[in-house]
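Structural overview
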Amino acid sequence: MPRSDQLTDVRFSSPSRLRLRFADGKSFTLPIGKTELPENEFKWQTVSVFGDGEAMEVDDVYGERIQIDAASLRSMADPEFSQKLDQQFVKLRGSLEDLAKTASEFLPPEEWYNEDY
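Residues numbered from 1 in each chain as written. Predicted model: local features only at pLDDT ≥ 70, side-chain atom pairs only at ≥ 80, totals over all residues. Heavy atoms only, no water.

**Let's talk about the packing of helix H1 (residues 70–77) against helix H2 (residues 79–93)**
Running from N to C, H1 and H2 point in directions that differ by 115°, and their axes come no closer than 5 Å. In the crossing of H1 with H2, the sense of the turn from one axis to the other is left-handed. Contacts between H1 and H2 involve Ala71, Arg74, Ser75 and Ala77 from the former and Pro79, Phe81, Ser82 and Leu85 from the latter. Residues that form the contact of H1 with H2 fall into these classes: five nonpolar, two polar and one charged. (Axes fitted to C-alpha atoms, helices over the stretch in contact; angles between N-to-C directions. Helix = DSSP H or I, 4+ residues; strand = E, 2+ residues; numbered from the N terminus. Left-handed = near helix turned anticlockwise from the far one by under 90°. Contact = heavy atoms within 4.5 Å. Nonpolar A, V, L, I, M, F, W, Y, C, P; charged D, E, K, R; others polar.)

Encoded structure:
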C-alpha cells in the first residue's frame, strides 16, 4: 500500500513554489514561504527526492545539501494530512487537559525549590 508521506517527485515552479507528488498519487503545490526557510538562501531549482522518498533535498547558496522531511512537506501542503497527524499526536500524548492534570498531581518535592538542597 502506498504511503501518503512518501515523496515520489518534487519540482521547483518559478517564482516560489514547489510541486510535490506522493506515493498515494496525490499532488500539491506548496508555496516555499510555508517551509519557513529563507527563499534567497537556497537554490530551489536543485530540489530532488532524497533516498526512498523520506525527504526532499535542496542546495543552499553555499552548496550544502539539506533535507526536509516528506511528512513535514505533506503536512504543510495538505490540511487533511496535517489534521490526521494532529489527531495521532493527541492520541499518543493525551489531551492538553490530561497533561495539565498529570503535571499538577505529580509536583516535585518542596525541597527541590530550596536553594540549600
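**Topic: the pattern of salt bridges**
Going through the model one piece at a time under the given rule, you end up with eight salt bridges. Measuring nitrogen to oxygen at the nearest pair gives 3.1 Å for the salt bridge that ties Arg74 to Asp24. With Arg74 in helix H1 and Asp24 in the loop between strand S2 (17–22) and strand S3 (27–31), this residue pair connects regions lying 50 residues apart in the sequence. Connected via shared salt-bridge partners are Asp9, Arg11 and Arg21. (Salt bridge = Lys/Arg side-chain N within 4 Å of Asp/Glu carboxyl O.)

**Examining the sheet that holds strand S6 (residues 65–69)**
In space, the three strands of this open sheet follow the order S4-S5-S6, with antiparallel pairing throughout. Each end of this open sheet is capped by a strand with a single partner; those strands are strand S4 (42–50) and S6. The mean angle between the axes of side-by-side strands here comes to 30°, regardless of whether they run parallel or antiparallel. Across five bridges, the pairing between S4 and strand S5 (residues 55–60) is antiparallel. Its bridge partner lying in S5, Lys43 is registered against Asp59. The strands that H1 touches are S5 and S6; relative to S6, the one it contacts most, it runs at about 60°. (Pairing = 2+ DSSP bridges.)

**Observations concerning the packing of aromatic side chains**
This structure, assessed with the given rule, holds two aromatic pairs. A centroid spacing of 6.2 Å and a plane angle of 65° characterise the contact between Phe22 and Phe28, whose relative ring orientation is edge-to-face. Overall, Phe22 belongs to the buried group, its relative accessible area being 1%. With relative accessibility at 17%, the residue Phe28 sits in the buried group. A centroid spacing of 5.4 Å and a plane angle of 45° characterise the contact between Phe42 and Trp44, whose relative ring orientation is tilted. (Phe/Tyr/Trp six-rings, centres within 6.5 Å; stacked < 30°, edge-to-face > 60°. Buried < 20%, exposed > 50% of the residue type's maximum accessible area, 1.4 Å probe, protein only.)

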